[in-house]
Amino acid sequence: MTTEIAKSAARLGTRGWLILITLCGATFMTGLDYSIITVALPEIGRDLGFSSASALQWVATACLLPTAALMPLFGRASDMLGRRRLFMAGVAGFTLMSLAAALAPSPALLVAARAGQGVAAAMIGPTALALMTAAFPEGPQRTRALGVNGALLSLGFVIGTIGGGLITSGLNWRWTMLILFAIGSLVMLAAATVVREAAGRNRTRLDVPGAILASAGLFALVYGISTGGDAGWGSTPTVATLLAAVVLLGSFLAVEARHAAPLVPLRLLRRPTVTWGMTIGLVTFGMCGGATLLLSIHMQDVLGYTPLQTGLGFLGEGVAALVAGTLAARLINARGTVAAIVTGLTVQAAGTAAMAALPVHGGLVLLLATSATMGFGHVLTVVAAITTITSGLEERDQGVAGSLAQMPTFVGAIGVAGLTAIAAARTEALAPSTTKALATQGGLHAAFLTAGAVALLGAAAGAVLLRRTGTGRAAAHAAEETAEHCMAA
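Rules of the game
Residues numbered from 1 in each chain as written. Predicted model: local features only at pLDDT ≥ 70, side-chain atom pairs only at ≥ 80, totals over all residues. Heavy atoms only, no water. Bend = angle between axes of the 7 residues up to and from the residue. Helix = DSSP H or I, 4+ residues; strand = E, 2+ residues; numbered from the N terminus. Buried < 20%, exposed > 50% of the residue type's maximum accessible area, 1.4 Å probe, protein only. Contact = heavy atoms within 4.5 Å. Phe/Tyr/Trp six-rings, centres within 6.5 Å; stacked < 30°, edge-to-face > 60°. Salt bridge = Lys/Arg side-chain N within 4 Å of Asp/Glu carboxyl O. Axes fitted to C-alpha atoms, helices over the stretch in contact; angles between N-to-C directions. Left-handed = near helix turned anticlockwise from the far one by under 90°. Nonpolar A, V, L, I, M, F, W, Y, C, P; charged D, E, K, R; others polar. 1 Å grid on protein atoms, 1.4 Å probe; cavity = no way out; pocket = protein on both sides within 12 Å on 5 of 7 lines; lining within 4 Å. Points joined across faces, edges and corners; volume = space filled by probe spheres on them.

## Focus: helix α4 (residues 58–81)
Argument step 1. At Leu 70, α4 shows its largest bend, some 45 degrees, and a proline, Pro 72, comes one to four positions later.
Argument step 2. When you tally the buried positions in α4, you get 21 out of 24 residues, the bulk of the element.
Argument step 3. Once α4 ends, the next one or two residues include Gly 82, with phi positive near 115 degrees.

## Points about the environment of Thr 310
Argument step 1. On the secondary structure map, Thr 310 appears in helix α13 (residues 307–313).
Argument step 2. What makes Thr 310 buried here is its relative accessible area of 4%.
Argument step 3. Aside from chain neighbours lying at most four places away, what touches Thr 310 is Ser 296, Met 299, Gln 300 and Tyr 305.

## Some words on the packing of aromatic side chains
Argument step 1. The tally for this structure, following the rule as stated, stands at two aromatic pairs.
Argument step 2. Summarising the aromatic geometry, the rings of Phe 219 and Tyr 223 are spaced 6.3 Å apart at their centres and angled 5 degrees between planes, so their arrangement reads as stacked. Taken together, the positions of Phe 219 and Tyr 223, both in helix α9 (residues 208–231) and four residues apart, correspond to about one turn of that helix.
Argument step 3. For Phe 219, a relative accessible area of 39% gives the class partly exposed.

## Focus: the pattern of salt bridges
Argument step 1. According to the stated counting rule, one finds two salt bridges in the structure shown.
Argument step 2. Note that Arg 114 and Asp 33 form a salt bridge whose closest N and O atoms lie 2.6 Å from each other. Here Arg 114 is found in helix α6 (residues 107–135), whereas its partner Asp 33 is found in helix α2 (residues 13–48), with 81 residues between them in sequence.
Argument step 3. We note a salt bridge from Asp 47 to Arg 174, for which the minimum N-O separation is 3.6 Å. Highlighted residues: Asp 47 in helix α2 and Arg 174 in helix α8 (residues 174–194), separated in sequence by 127 residues.

## Comments concerning the side chain of Thr 292
Argument step 1. Topologically, Thr 292 is positioned in helix α12 (residues 272–302).
Argument step 2. Taking relative accessible area as the criterion, Thr 292 reaches 7% and is therefore assigned buried.
Argument step 3. With residues near it in sequence (within four places) discarded, Thr 292 still touches Phe 157, Phe 314, Glu 317 and Met 374.

## Examining the packing of helix α14 (residues 315–335) against helix α16 (residues 364–390)
Argument step 1. α16 packs onto α14 with a crossing angle of 35 degrees between their chain directions and a minimal axis gap of 7 Å. The handedness of the crossing between α14 and α16 comes out as right-handed. Where α14 approaches α16, its residues Gly 316, Glu 317, Ala 320, Ala 321, Val 323, Ala 324, Gly 325, Leu 327, Ala 328, Leu 331 and Ile 332 are matched on the opposing element by Leu 368, Ser 371, Ala 372, Met 374, Gly 375, Phe 376, Val 379, Leu 380, Val 383, Ala 384 and Thr 387.
Argument step 2. The residue makeup of the contact of α14 with α16, split by class, is 16 nonpolar, five polar and one charged.

## Digging into empty space enclosed by the protein
Argument step 1. For the structure shown, the criterion picks out two cavities of 30 Å³ or more.
Argument step 2. Taken as a whole, the second largest cavity encloses approximately 50 Å³ of empty space.
Argument step 3. Lining the second largest cavity are Asn 149, Leu 153, Phe 285, Val 382, Ile 386, Ala 405, Gln 406 and Thr 409.
Argument step 4. For the lining of the second largest cavity, the secondary-structure elements that each account for two or more residues are α7 (140–170), α16 and α17 (398–411).

This is the structure:
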């Protein structure tokens, strides 16, 4: 009987599914963008005549930087101006900038259009999540919605790698942007029809000093991480940029402590569920993102796969992401978010560490199995972490909470940079005594083992620290309340 009540409480209904598909379509579109453009970079460089590989990299970086830097600003702005309004503006902006990118005749105009996409994505991320938490009450419905969203966000990456290879092989890179334009047009039409504004707006004035400091600090942090590998981690520009990030973000926290209406209320950052939820998110995104990048290097530089074959090599990860998104709600509702986080990170750790057994030749079955295991654990952890961050908050804080829940996606680049540095150092140490392929593979194995160890430590820390906050009990209590309400109705 209890199982039937829980299933009934988790049902979304026709309108609920329409809202969820629309909001997930927007986040899927932004996830697709990051991977589909990466596969197309070589053709873009040849077609538009980029001067160097470092210049070409700005096609990706120009979108990433404003997204990370402006997300807290737009998260708070959505609480003040209206989430639906800002969401619609973000989708419209992303759609138009995708068309501009598709038609760009020169490197400068393409990079400018990509920066515009990044600004729009910063509007979409927190508002889509806030609209989702407003549309679905805390408990089974919201957990199920977040599970679908997490699965589709990860699937967007996989489809992007496969689709990017297919499109650039059969058509040309401009179609990658035209596809985003088409998806954006559909999402905009659906949003105008089914998405409604959440009740009430926060009428306080915008914290301008906090907005400037947060945006500048996050820009410096992500820029320093993104360019540190090429410039050198000990180089003056990299060190100066990262120090500036520390100073700016430290100043931001000091300003927020004294401001009457802060951009990010410190009471949110003091909540253990928010703090540790973001920490868990940083671990899972950093280690999974880094391992995925290194797995791509394994397939292309060691196994000699083409970009299309490499994209297909991630198919196991994509299927596992869908399965994890489907099962996440059931596990969280039955066992709580703490159990889901511990299970997810442990599974992610096992899959990532097992990649250290990947051979120099062949090993396709092992590759698919390990990447699928890692992807399953990652999505399960992401859904549980976002549920932890957004649970138990007042309606007026859901916009900024949405931005905080999204931040680990971008700051997780720290993990990517760290694993890449470990792989490079180990490869360099092995190079004098073995072949290039074996040296590269040795470096990758060291990084995979490190990523697995960090994820496992995250699982252990989550088990101890989150249980102290009562997170799992709160999630279970919310699920029970929702079930009882549905039965009474």
